[in-house]
Amino acid sequence: MTRLTPDMIKDVPEDKIDLDTRLLQATGKTVKGIALEAADLPDDTDLSRFKVAVVPITSGLGIISGFSASVDAIVRRLGMDSHVTKGTDVNGFTEAIREGADIIMMADDNMFIAYNMKEMKETDNSWGTAKGYAVALKNAAGGLEGKRVLVIGAGMVGSWAVRFLKDMGADVYVTDIVYEKAERLKEYGAKPLRDVMKAISENTLLLNAAPFIIPGEIIAEGSIFSSPGVPHYYDQLGRSKAKAVIHDPLEIGAAVMAVNSAGYSIRKE
Ligand code: 2YC
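None of these values were measured; they are calculated from a predicted model.

What counts, and at which threshold
What you see as residue numbers is a count from 1 along each chain, following the sequence as written. At least 70 in pLDDT is required for a residue's local features to be given in this predicted model, at least 80 for side-chain atom pairs to be given and counted, and no such filter applies to totals for whole chains, interfaces and linings, which use all residues. The side-chain figures draw on all heavy atoms in the structure; neither hydrogens nor water molecules are used. Strands are runs of DSSP state E lasting at least two residues, helices are runs of H or I lasting at least four, and both sets are numbered from the N terminus onward. For the radius of gyration, the atoms used are the C-alpha atoms, and the globule rule reads 2.2 Å times the number of residues raised to 0.38. In this scheme, a residue with accessible area under 20% of its type's maximum is buried, one over 50% is exposed, and one in between is partly exposed, where area comes from a 1.4 Å probe on protein chains only. Here the Shrake-Rupley method, with its probe set to 1.4 Å, supplies the accessible areas, and only the displayed protein chains count as covering residues. Only four residue types enter the charge count, namely Lys and Arg as positive and Asp and Glu as negative; His and the chain termini do not. In this description, the location of a charge corresponds to atom NZ of lysine, CZ of arginine, CG of aspartate or CD of glutamate. Domain start and stop points were drawn from an automatic or database domain assignment. Every residue pair with non-hydrogen atoms within 4.5 Å of one another is taken to be in contact. Buried area: the sum, over both parts, of the accessible surface (1.4 Å probe) that disappears when the two are put together. Angles here are taken between N-to-C directions and fall from 0 to 180 degrees, while the axes themselves are lines fitted to C-alpha atoms, restricted in helices to the stretch in contact. In what follows, roughly perpendicular refers to angles from 65 to 115 degrees, roughly parallel to angles under 35, roughly antiparallel to angles over 145, and oblique to any angle outside these ranges. Helix crossings are classified by the rotation of the near helix relative to the far one: an anticlockwise turn of less than a right angle makes the crossing left-handed, while a clockwise turn makes it right-handed. Gly is placed with the polar residues, together with every amino acid not listed as nonpolar (Ala, Val, Leu, Ile, Met, Phe, Trp, Tyr, Cys and Pro) or charged (Asp, Glu, Lys and Arg). Think of it this way: DSSP has to see at least two bridges between two strands before they count as a pair. As used here, the arc is the angular range of directions from the helix axis to the C-beta atoms. In this description, a nonpolar core means a group of buried Ala, Val, Leu, Ile, Met, Phe, Trp, Tyr and Cys residues linked to one another through side-chain atoms lying within 4.5 Å.

Trainee: Which residues make up the overall build of the protein, and what are the values?
Mentor: Of regular secondary structure, the protein possesses eleven helices and eleven strands. Against the compact-globule benchmark of 18 Å for 269 residues, the protein has a radius of gyration of 18 Å, which places it among compact chains. Within the protein, the fraction of its 269 residues that count as buried is 55%. Carbon together with sulfur atoms contributes 53% to the accessible area of the protein, which is approximately 12000 Å² in total. In the protein, 31 positive and 37 negative side-chain charges are present, and the distance between their average locations comes to 3 Å.

What follows is the structure in structure tokens.
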């Protein structure tokens, strides 16, 4: 899993990039709209009764400055009642339990989860990111039924994305610098491609789930990139040829996690 740096997320707490405006242009939906669709919830779902606690975790490589504040801000923008616990780790977790949090969100070096305390169900970041970016691509492309989509990167996010895109009716191809990883996704009905650059140059609907900087020369005119992978960079030529490049360092994945977690309670009502 690629570790975020404080610089990557510095604009998230105040939403300085105005992500919703960009997403509306590319997909017709806001982060909240994408998250509700990803969680199979109605667009008018009221999330304000959910109390979320974000717990900073100091294990391993430790706290990422701004990470908890960013997750907290993203969840507040969904209309939920969110805060960062004063304590970290088990201390913070205990604080969240005692104040009756409905959902707890926390990340160490290997996992980032939203945990629904009442339903005892978790939603992890790979699942949330893959679902959110598949939904974003579907909206940007005006539906994926019968359309060819290339997934770049057969890691945790890519392998979930393959499944979600197949569920949306897409004809899914997958490529990875380690061909065997792409080949393993045949079990989900994806078609592995050996030549990464050729695959990218021959596709115009792409979900880029790899930490991979794609040279503009190989990008096909009019491509739509749904691109959660970090580090994220498309050169001037690539951006001029692409119809849309959908990216954020944390928002869509974290929003889908929180909304899907709330969904476990909503569906029980
Ligand atoms: O500040 C904290 O609580 C740290 N323990 C957070 C560490 C997050 C590590 N994971 C990542 O940077 C990325 C995130 C997008 C989530 C998954 N990988």
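Trainee: Account for the domain arrangement of the protein, naming residues and giving values.
Mentor: By domain assignment, the protein separates into domain 1 (6-124 + 251-266) and domain 2 (128-246). Look at where the C-alpha atoms of domain 1 and domain 2 centre, and you get two points 25 Å apart. Across the boundary between the two partners, domain 1 contributes 14 residues, which contact 13 residues of domain 2. A combined buried area of about 1100 Å² lies between domain 1 and domain 2, and 66% of that area is made up of carbon and sulfur atoms. Of all residues in domain 1, Thr27, Glu37 and Ile252 give up the largest surface area on contact with domain 2, accounting jointly for 35% of the area buried on that side.

Trainee: Account for the packing of helix H3 (residues 31-38) against helix H11 (residues 251-266), naming residues and giving values.
Mentor: Relative orientation of the contacting elements H3 and H11 amounts to 50°, with a least axis distance of 8 Å. In terms of their interaxial angle, H3 and H11 are classed as oblique. Of the two possible hands of crossing, H3 and H11 adopt the one that is right-handed. Listed contacts from H11 to Val31, Ile34, Ala35, Leu36 and Ala38 of H3 are Glu251, Ile252, Ala255, Val256 and Val259. Here the residues of the contact of H3 with H11 are counted per class, giving nine nonpolar, no polar and one charged.

Trainee: Would you mind going over the sheet that holds strand S4 (residues 112-116) in detail, with residue names and values included?
Mentor: If you trace the five strands from one edge of the open sheet to the other, you get S2-S1-S3-S4-S5, paired in mixed fashion. The sheet terminates laterally at strand S2 (81-84) and strand S5 (121-124), the two strands that pair on one side only. The mean angle between the axes of side-by-side strands here comes to 20°, regardless of whether they run parallel or antiparallel. Most of the contacts of helix H4 (residues 67-76) go to S2, to which it runs at about 175°, and overall it touches strand S1 (51-54), S2, strand S3 (103-107) and S4.

Trainee: Describe the packing of helix H6 (residues 125-140) against H11, naming the residues involved and giving the relevant values.
Mentor: Running from N to C, H6 and H11 point in directions that differ by 105°, and their axes come no closer than 7 Å. By the angle between their directions, the pair H6 and H11 is classed as roughly perpendicular. Residue-level contacts link Asn125, Trp127, Gly128, Thr129, Lys131, Gly132 and Tyr133 of H6 to Ile252, Gly253, Ala254, Val256, Met257 and Asn260 of H11. Split into classes, the residues belonging to the contact of H6 with H11 amount to six nonpolar, six polar and one charged.

Trainee: Give me the lowdown on the pairing of strand S9 (residues 205-208), citing residues and values where you can.
Mentor: Residue alternation in S9 divides its side chains into two sets, Leu205 and Leu207 and Leu206 and Asn208, and both sets are buried. For strand S6 (residues 148-152) and S9, the ladder comprises three bridges, and the chain directions are parallel. Directly across from Leu150, in S9, lies its bridge partner Leu206.

Trainee: Mind laying out helix H2 (residues 19-27), listing which residues take part and the relevant values?
Mentor: An α-helix turns once per 3.6 residues; consequently, residues spaced three or four apart project the same way. Within the span of H2, buried status applies to Leu19, Leu23 and Thr27. The buried residues of H2 occupy an angular sector of 35° when the element is viewed end-on, so they sit on one face. Looking at the buried residues of H2, the elements they touch are H3, H6, strand S11 (244-246) and H11. After H2 finishes, the residue Gly28 shows a positive phi value of roughly 80°.

Trainee: Which residues make up the nonpolar core, and what values do they have?
Mentor: Counting 69 residues, the largest nonpolar core has Leu47, Phe67, Met105, Phe112, Leu144, Leu165 and Leu250 as the members making the most contacts within it. The dominant element in this core, judged by the number of residues it contributes, is H11, at nine residues. Mapping this core onto the domain boundaries places at least three of its residues in each of domain 1 (6-124 + 251-266) and domain 2 (128-246). Residues contacting Leu47, with those up to four places away along its chain left out, are Lys32, Leu36, Leu78, Gly79, Met80, Val259, Ala262 and Ile266. Counting residues in each nonpolar core, the second largest holds 14 residues, with Ala199, Ile200, Ala210 and Phe225 among its members.

Trainee: How would you summarise the sheet that holds S6 if you had to cite specific residues and measurements?
Mentor: One open sheet accounts for six strands, arranged S8-S7-S6-S9-S10-S11; its pairing is parallel. The sheet terminates laterally at strand S8 (191-193) and S11, the two strands that pair on one side only. If you compare each strand with its neighbour and ignore which way they point, the axes differ by 20° on average.

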